[in-house]
Amino acid sequence: MRVADVTGSASVRDREAETRYKSAEEVGVASFSSLFNVSPVVVTSDVLILDDVHGGEQQVAGMWTVTVHRANERLYIETFNVVGRAMTGAQLRSLWPEDSRHVHLATLWQHPDCVPELRAVLDASDDADVRFAWPLIRDHLQACLVLVSREAISIRPIIPPTSTHSPFADSRQRLYLSATLGSTADLQRIYGVGRVKTVRAEQAQSGRHFIFVPGAYIGDEEAHRLVAGVWDAMSPRRALLLAPSERAATATFNSINSFAKHRPARLTAKQVSDSLKPFTDATDVLLTLPGRYDGVDLPQDDCRLLIMAGSPGAISDFERHLSDQWKLGPVLRSRERTRLIQGLGRCTRGDTDYSIVFWLRQSLVDRSLAPAFLDALPVDVRAELVWGRVQSEGARDQTEFINLMLELLQDQALRGEAGRLVRDDAAKMAPPTLAGADELDAVVKDELKYATALWDGYFDRAIQSGQAVADAVTSPALAGYRGWWWYLTAVAHFQSGAVDRARDALARALACGVNTGFLSATLSRLPADGTAVTATSDASDFERIWDFFDSVGWAGPGFDNYIRRMQEAVGSDYATQFHIGVEMLGRLLGAESVRPTGPGVPDVVWCFSSGDAIAFEAKTEKGPEAQLSKSDILEANGHVDWVAGNLNAARERVVPAIVSYSNKVHEVGEVHVNKLRYVHPKQLRELAMEVAEALAEVRPLFRDADFADVHGQFAGELRARGVELRSIRASLVQEPLRP
């Protein structure tokens, strides 16, 4: 069999090889991007073989995804000004902070007047990330999601319409190859195919992974310092860093680099796209590959240190939205599991190969301790992780722990003994199980039918298929998925003209108890019929408290460290520290907590899902005998307009509050007090202690749970401990500032 290399772009590709391939003289070898491309070199084939099939996921979706990056500021602003009208005030507020990682869904279907404007903006763009995909989806916006973050605006279909791409769809036979196949239903969703026949070969894993999770016992910064210590002690110093995003990869690299004595040079995917030699022939080099967990082979001494920074459960904006807003962790767990297993294999390519592996960042720490996640792993990987997690307790003694790493790298007998213990543990473990997998596998055909029907504009067919998915997904742990599909069914109802049925579908989605703030706001935007949608506001605040736990971690020292920093800050009279403490306390209460900077701005603003907002002006540096001046009063009252104008809050729902040891007002300021509220610093400090104690009690109860499964119980446990969010808000600002 002769092979033609048709990789690369048209400008660099071997034309003679391309001719031999297209005339069927030789078998063509190309990249995924050469197939899923508006001008593909790959043609319709008798047999289309897709190797490392999961590696093509981003290229498949990317062919039908328009991405407007923040770096193209003019185009981003123009696009945001259009799609922002289809977003809620809470969504817009959450994008305000510079470090916001939220990805929100703009309900363009509720605002058809935005569509011509969006088309006009993107029609005029010559941005490379727009001009290739835009013609493919321009006339199918009814089937597309509009995902908005501070980093980018993405427009894409739910499932890529690969049936419209002839080189892929019309090939007579497609063969998908993967050493870690995972769920075939996931493969169907990724490639938009209705049927996949599976042939699995039983095989043991290749090599041995010594997986360590220091973050289960020490903080992130200490864990990064520890990895830097291992790096400094190694020879040769080469490491691979895998992360779900560029942001996570850069943050982790920078942190490790700051602690290392031997500073690593950073290589990126672009620098090793043609050859790995820039990495394997060098020393003091760290290769970072965000969002890429397969397709790179670094056997033996090519690389002995693998750093995995953050869970790969969500590596695209779409997955991040599903995971964060709809709590679809159980649904994405199959992909997360597959990516982690793929990643572990990058540095162990043979039976006798081995590598040191560090799992960093809180999301991976939490995964390493969650029984449901562990139960889904192959027994050999599960046993490696359990063994390494126990050893990670020694991370508290950095010198001793680094010595253990070096011994594992240098002592074959020690590796053999550790391997024997892992094998013995694996032999006692039950086979892997993935909760909800059967239900998710069973509905994939209806998901594909929905996506195809919506793409083609057959709304009645989409409604039928979407409702079939929502009705079939009944497990409590999949409540978020059920809500998501009721929402998608509502979209199809609305576009068919059946507004009443769209309202009913949204109400059913809301009853699932997940993403309630968004669903309440979406329901309220439909033509009024008297449907009450405000009763769920506290439910959404409780959901944000859950998100807070996700961010600081359900395990490890992250929560305790956060509480300590918050209490120290809110206990200080120094202005900047106190502001930081109040901001942190707001997050603890489920608020979108904002600390603006600049002249005349509030010191801190808490915005809640109910639409209420508290704008704080802190004067803690004034003593108990000092008077509040006219300037103080006017400044605090002026925050109402700032919050309404900058944070998309209704002016009448903004409560201005002044925080001071004294409630005495200078006589010239008395006439300006109006509805200003007074808060003593002691109130905030006591509240911080009470809520911290309540959350500390609740946290271990839900460490192994999924929000969709336990949202009602979670809210109940908080309420039982006095965390009644509405009453807390009301009591905190109940005292008017009296002249």
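Throughout, a residue's number is its position along its own chain's written sequence, starting from 1. Per-residue local features of the predicted model are confined to residues with pLDDT of at least 70, and side-chain atom pairs are confined, for both listing and counting, to 80 or more; whole-chain, interface and lining totals are unaffected and use all residues. Based on all heavy atoms of the structure, the side-chain values leave hydrogens and waters out of the count.

> An account of the pairing of strand β10 (residues 238-243) is needed here, citing residue identities and associated values.
Of all six residues that make up β10, six are buried, and the element is covered over most of its length. Neither face of β10 is left uncovered, since the one carrying Arg-238, Leu-240 and Leu-242 and the one carrying Ala-239, Leu-241 and Ala-243 both have all their residues buried. The criterion for strand pairing is that DSSP finds at least two bridges linking the strands in question. The helix and strand labels rest on DSSP assignments: H or I over at least four residues marks a helix, E over at least two residues marks a strand, and numbering proceeds from the N terminus. Here β10 runs beside strand β12 (residues 285-290); their pairing, made up of six bridges, is parallel. When the sheet's bridge partners are listed, Ala-243 is paired in β12 with Pro-290. Each residue's exposure class comes from its accessible area (1.4 Å probe, protein chains only) as a fraction of the maximum for that residue type: buried when under 20%, exposed when over 50%, partly exposed otherwise.

> So what's going on with the nonpolar core? Residues and values would help.
Within the largest apolar cluster, 98 residues are counted, with the highest numbers of intra-cluster contacts made by Leu-122, Tyr-191, Trp-484 and Tyr-487. It is helix α22 (residues 479-496) that provides the largest number of residues to this core, a total of 10 residues. Contact criterion: two residues are considered in contact whenever any of their non-hydrogen atoms come within 4.5 Å of each other. With near-sequence residues (within four places) excluded, Leu-122 lies in contact with Val-66, Val-68, Leu-75, Thr-79, Val-130, Trp-134 and Ile-155. The set of buried Ala, Val, Leu, Ile, Met, Phe, Trp, Tyr and Cys residues whose side-chain atoms join them within 4.5 Å is what this entry labels a nonpolar core.

> Describe the pairing of strand β16 (residues 604-607), listing the residues and the values that go with them.
The alternating pattern of β16 places Val-604 and Trp-606 and Val-605 and Cys-607 on opposite faces, both of which are buried. Bridging between β16 and strand β17 (residues 613-618) involves four bridges; their strand directions are antiparallel. Bridge assignment links Cys-607 to a residue of β17, and that residue is Ala-613. The loop that links β16 with its antiparallel partner β17 comprises five residues; one of these, Gly-611, has a positive phi angle of about 100 degrees.

> Tell me about the sheet that holds strand β5 (residues 104-106), and name the residues and values.
Strand order across the open sheet formed by four strands is β4-β7-β6-β5, with antiparallel pairing between neighbours. A single partner strand is all that each edge strand has here, and the edge strands are β4 (66-69) and β5. Averaged over neighbouring strand pairs, the angle between their axes works out to 25 degrees when direction is ignored. Bridge analysis of β4 against strand β7 (residues 152-157) gives four bridges, and the strand direction is antiparallel. Bridging from a neighbouring strand, Val-68 pairs with Ile-153 of β7. Interaxial angle, 0 to 180 degrees, is taken between N-to-C directions of lines fitted to C-alpha atoms, where a helix line uses only the stretch in contact. On the sheet, helix α3 (residues 73-83) packs against β4, β5, β6 (144-148) and β7 and is oriented at approximately 60 degrees with respect to β7.

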